[in-house]
Amino acid sequence: RGPGMQEGLSFLQSVAEKFSLPTLTDIHTADQAQPVADVVDALQIPAFLCRQTDLLIAAAKTGKTVNIKKGQFMAPWDMAGAVDKVRAAGNDNVLLTERGTSFGYNRLITDFRGIAQMQVFAPVVFDATHSIQEPAGQGNASGGQREFAAPLAKAALAVGADALFIETHPDPETAKSDAAC
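Residues numbered from 1 in each chain as written. Predicted model: local features only at pLDDT ≥ 70, side-chain atom pairs only at ≥ 80, totals over all residues. Heavy atoms only, no water.

Digging into the overall build of the protein chain
Reasoning step 1: A tally of regular secondary structure across the protein chain gives six helices and ten strands.
Reasoning step 2: Computed over its C-alpha atoms, the radius of gyration of the protein chain comes to 16 Å, within 12% of the 16 Å expected for a compact globule of 181 residues.
Reasoning step 3: C-alpha extents for the protein chain along the principal axes are approximately 35 × 35 × 30 Å.
Reasoning step 4: The buried share of the protein chain, taken over its 181 residues, is 40%.
Reasoning step 5: Counting contacts in the protein chain only where the partners sit at least 6 residues apart, residues at least 24 apart contribute 60% of the total.
Reasoning step 6: Surface accessibility of the protein chain: about 9600 Å² in total, with carbon and sulfur atoms responsible for 53%.
Reasoning step 7: Taken as two groups, the 15 positive and 20 negative side-chain charges of the protein chain have centres that lie 3 Å from each other. (Helix = DSSP H or I, 4+ residues; strand = E, 2+ residues; numbered from the N terminus. Rg over C-alpha atoms; globule rule 2.2 N^0.38 Å. Buried < 20%, exposed > 50% of the residue type's maximum accessible area, 1.4 Å probe, protein only. Contact = heavy atoms within 4.5 Å. Areas by Shrake-Rupley, 256 points an atom, 1.4 Å probe, with all protein chains shown as cover. Lys, Arg positive; Asp, Glu negative; His and termini not counted. Charge placed at Lys NZ, Arg CZ, Asp CG, Glu CD.)

Given below as C-alpha cells:
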C-alpha cells in the first residue's frame, strides 16, 4: 500500500518501461483489480487474502495472470478452491505461490511435498524470501533468517517448483519491509 495507489502505479509503470521488465504487484480489494491490471502484467493475491472470493473473481476478470500466495493457514490441497474461483471467472492464467505454513512459534515451515500437491491445480512458484520469515519474531516486527533463502530455493527447484519468487534490496538492513528476510 506504501505510497498510495496512483503513485505506486506510476512507479511500477516507469520501472516496466525503463527496464523492459514485466511487473507484478499485490491487490487488496476488488476495486483495485482493474486499475492495477491496466498498468502491470500480473496481479498477486496476498496470502492472508487467498480465500476472498470477490478479490479472486475481480482479479480473474482482468484477464491478467493471477498469482495466489498460499495462506500460511492453508493446506496445499485446499488451494484448489482458489484456483477454481479464478478459472470459473474465465481466466486460466493462474499461479500458486508456496511461502510456508505457520508452525506456531514465529516460524514459517516449508513442507516441500506441498509444491507437487499444488501442481495438480496450477504451476507453483516458491517464495524463498517469505518462507524464511519469522512473523512477529522481533516482537514488534517480523524477523527472518535470510541465510536460509538460497538453500530453500535450491530445495524447491530440486522438487520441481516451476519458478522462484525472491525479493531483493541493495541494502537489506535499511529495507522498509522484511529487512530480516
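Some remarks on the nonpolar core
Reasoning step 1: Counting 33 residues, the largest nonpolar core has Ile-27, Leu-43, Ile-45, Ile-68, Met-79, Val-86 and Leu-96 as the members making the most contacts within it.
Reasoning step 2: It is helix α3 (residues 53-61) that contributes the most residues to this core, five residues altogether.
Reasoning step 3: Here Ile-68 is in contact with Ile-45, Cys-50, Leu-56, Met-79, Ala-82, Val-83, Val-86, Val-94, Leu-95, Leu-96 and Thr-97, once residues within four sequence places are set aside. (Core = buried A, V, L, I, M, F, W, Y, C linked by side-chain atoms within 4.5 Å.)

Quick notes on a nonpolar patch on the surface
Reasoning step 1: A cluster of nonpolar residues, Phe-103, Tyr-105 and Ile-109, forms a patch on the protein surface that exposes about 310 Å² of accessible area.
Reasoning step 2: The residue Ile-109 is located in strand β6 (residues 108-109) in this model.
Reasoning step 3: Given the relative accessible area of 36%, Ile-109 is considered partly exposed. (Patch = residues over 30% accessible without salt bridge, like charges linked within 9 Å, V, L, I, M, F, W, Y side chains within 5 Å. Salt bridge = Lys/Arg side-chain N within 4 Å of Asp/Glu carboxyl O.)

Thoughts on the packing of aromatic side chains
Reasoning step 1: By the definition in use, this model includes two aromatic pairs.
Reasoning step 2: Seen from their ring centres, Phe-48 and Phe-73 are 6.1 Å apart, and the 20° between their planes marks the pair as stacked. Linking Phe-48 in the loop between β2 (42-45) and α3 with Phe-73 in the loop between β3 (65-69) and α4 (80-88), this pair joins segments that are 25 residues apart in sequence.
Reasoning step 3: Judged by its relative accessible area of 45%, Phe-73 is partly exposed.
Reasoning step 4: On the basis of an interplanar angle of 40° and a centroid distance of 5.7 Å, the ring pair of Phe-112 and Phe-126 is categorised as tilted. Of this pair, Phe-112 sits in the loop between β6 and α5 (113-119) while Phe-126 sits in strand β7 (residues 124-127), and the two are 14 residues apart along the sequence.
Reasoning step 5: A cation over a ring is seen here: Lys-69 above Phe-165, with NZ or CZ 4.3 Å from the ring centre. (Phe/Tyr/Trp six-rings, centres within 6.5 Å; stacked < 30°, edge-to-face > 60°. Lys NZ or Arg CZ within 6 Å of the ring centre and 35° of its normal.)

So, the pairing of strand β4 (residues 94-98)
Reasoning step 1: Within β4, four of the five residues are buried, which leaves it mostly tucked inside the rest of the structure.
Reasoning step 2: As paired strands, β3 and β4 are joined by four bridges and run parallel to one another. Residue pairing for β4: Lys-69 is matched across the bridge by Thr-97.
Reasoning step 3: Bridge analysis of β4 against β7 gives three bridges, and the strand direction is parallel. Bridge pairing in β7 links Thr-97 to Val-125. (Pairing = 2+ DSSP bridges.)

So, α4
Reasoning step 1: Taken as a whole, α4 has its buried residues at Ala-80, Ala-82, Val-83 and Val-86. Seen from one end, α4 has its buried residues packed into an arc of 165°, which puts them on one side.
Reasoning step 2: Buried positions along α4 lie against α3, β3 and β4.
Reasoning step 3: After α4 finishes, the residue Gly-90 shows a positive phi value of roughly 95°. (Arc of directions from axis to C-beta.)

Thoughts on the pattern of salt bridges
Reasoning step 1: For the coordinates displayed, the defined rule picks out five salt bridges.
Reasoning step 2: A salt bridge links Arg-87 to Asp-92; the shortest N-O distance between them is 3.9 Å.
Reasoning step 3: The closest approach of N and O atoms between Arg-146 and Glu-173, which form a salt bridge, is 3.0 Å. Remark: Glu-173 occurs in the segment after β10 (163-165) and Arg-146 occurs in the loop between β9 (143-144) and α6 (149-158); sequence separation between them is 27 residues.

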